[in-house]
Amino acid sequence: MSYTATVPAIDPRAFRECCGSFATGVTVITTHTSEGDHGMTVSAFMSVSLDPPLIAVSLDRRAKMLPRLKVSRRFAVNILSQGMKAHALHFAGRSDERLMDLFLSSQGLPVLRGAAAVITADLMQQVEAGDHVLFLGHVRHLIRDSAATPLLFHAGQFNSLATRPDD
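Described below are features of the structure shown in this document. Because the structure is a prediction, the values reported are computed rather than measured.

Brief notes about the pairing of strand E4 (residues 45-50)
Each regular strand shows side chains that alternate between the opposite faces of the sheet. For E4 and strand E5 (residues 53-60), the ladder comprises five bridges, and the chain directions are antiparallel. Paired with Leu 50 across the bridge in E5 is Pro 53. Connecting the antiparallel pair E4 and E5 is a turn made up of two residues.

Right, here's the structure in full:
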């Protein structure tokens, strides 16, 4: 005997708001092509594997960064520190001319000054996933400021870690 179930359509806005209940760190993905340095704010980032060291980022098929990553085949994930909200907005399309001299070079890639951490990776695989493309990267280099506090994003707002009094 077989059964068929019909799933009601999920409202895209409701889905986005529900997923927004999950607090994430804020990252800027950077790469370099013959056209120069490029960056894009991305919240869909995760570690995938320790052996080998793999990470993943998810980009909308319409993102300008998508063809750039496909061409460069290398990228850096810049994990933003608490004071970098302006950077997050800048790389999300709200250009801020006050932000100058943003990049350092690491492993031949542009990386953001002041980031809490930076992970550079070589593009290993692309996975088509609905209206997004997942990019799996083989980690090649790490930079971490152990004293940095991360910038967080939750329910459409930038936030920071709450501090608790010592127990």
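Next, the rest of the story.
Considering the sheet that holds E5
Strand order in the open sheet formed by seven strands is E3-E2-E6-E9-E10-E5-E4, and the pairing between neighbours is antiparallel. What marks the edges here is a single partner per strand, and that holds for strand E3 (36-42) and E4. Pairwise comparison of adjacent strand axes, ignoring direction, gives a mean angle of 35° for this sheet.

Observations concerning the sheet that holds strand E1 (residues 24-25)
Ordered by their spatial adjacency, three strands build an open sheet running E1-E11-E12, and the pairing between neighbours is antiparallel. Looking along the sheet, the strands with just one partner apiece sit at the ends: E1 and strand E12 (157-159). Two strands pair when backbone bridges link them, and E1 and strand E11 (residues 152-154) are joined in this way by two bridges, in the antiparallel orientation. Across the sheet, the residue bridging to Gly 25 is Leu 152, located in E11.

With respect to the pairing of strand E7 (residues 103-106)
Here E7 pairs with strand E8 (residues 109-112) via four bridges, running antiparallel. Residue Phe 103 lies in a different strand from E8, and its bridge partner there is Leu 112. Hairpin connection from E7 to E8: two residues lie between these consecutive antiparallel strands, with Gln 107 at a positive phi of about 55°.

Some details on the pattern of salt bridges
Scanning all chains against the criterion turns up eight salt bridges. A salt bridge links Glu 17 to Arg 13; the nearest nitrogen and oxygen atoms lie 3.1 Å apart. Of the two residues, Glu 17 and Arg 13 are both situated in helix H1 (residues 12-19); the distance of four residues between them amounts to about one turn of the helix. With its nearest N and O atoms 2.8 Å apart, the salt bridge here joins Arg 140 to Asp 122.

Regarding the layout of surface pockets
Of the volumes computed, that of the largest pocket is approximately 1600 Å³. Taken together, 37 residues line the largest pocket, and the ones lying closest to its centre are Arg 16, Ser 43, Ala 44, His 132 and Phe 153. Where the lining of the largest pocket is concerned, the elements lending two or more residues are H1, E3, E4, E5, helix H3 (85-90), strand E10 (132-144), E11 and E12. Here the lining of the largest pocket gets six residues from one element, more than from any other, and that element is H1. Of the pockets and cavities examined, the second largest pocket occupies roughly 190 Å³. Contributing to the lining of the second largest pocket are Gly 39, Met 40, Ala 63, Lys 64, Met 65, Arg 68, His 90, Phe 91, Ala 92 and Gly 93. Mapped by element, the contributors of at least two residues to the lining of the second largest pocket are E3 and helix H2 (65-72). Its residues placed into classes, the lining of the second largest pocket shows five nonpolar, three polar and two charged.

Analysis parameters
- Residues numbered from 1 in each chain as written.
- Predicted model: local features only at pLDDT ≥ 70, side-chain atom pairs only at ≥ 80, totals over all residues.
- Heavy atoms only, no water.
- Pairing = 2+ DSSP bridges.
- Helix = DSSP H or I, 4+ residues; strand = E, 2+ residues; numbered from the N terminus.
- Axes fitted to C-alpha atoms, helices over the stretch in contact; angles between N-to-C directions.
- Salt bridge = Lys/Arg side-chain N within 4 Å of Asp/Glu carboxyl O.
- 1 Å grid on protein atoms, 1.4 Å probe; cavity = no way out; pocket = protein on both sides within 12 Å on 5 of 7 lines; lining within 4 Å.
- Points joined across faces, edges and corners; volume = space filled by probe spheres on them.
- Nonpolar A, V, L, I, M, F, W, Y, C, P; charged D, E, K, R; others polar.

Any functional reading would require information beyond the geometric quantities listed.
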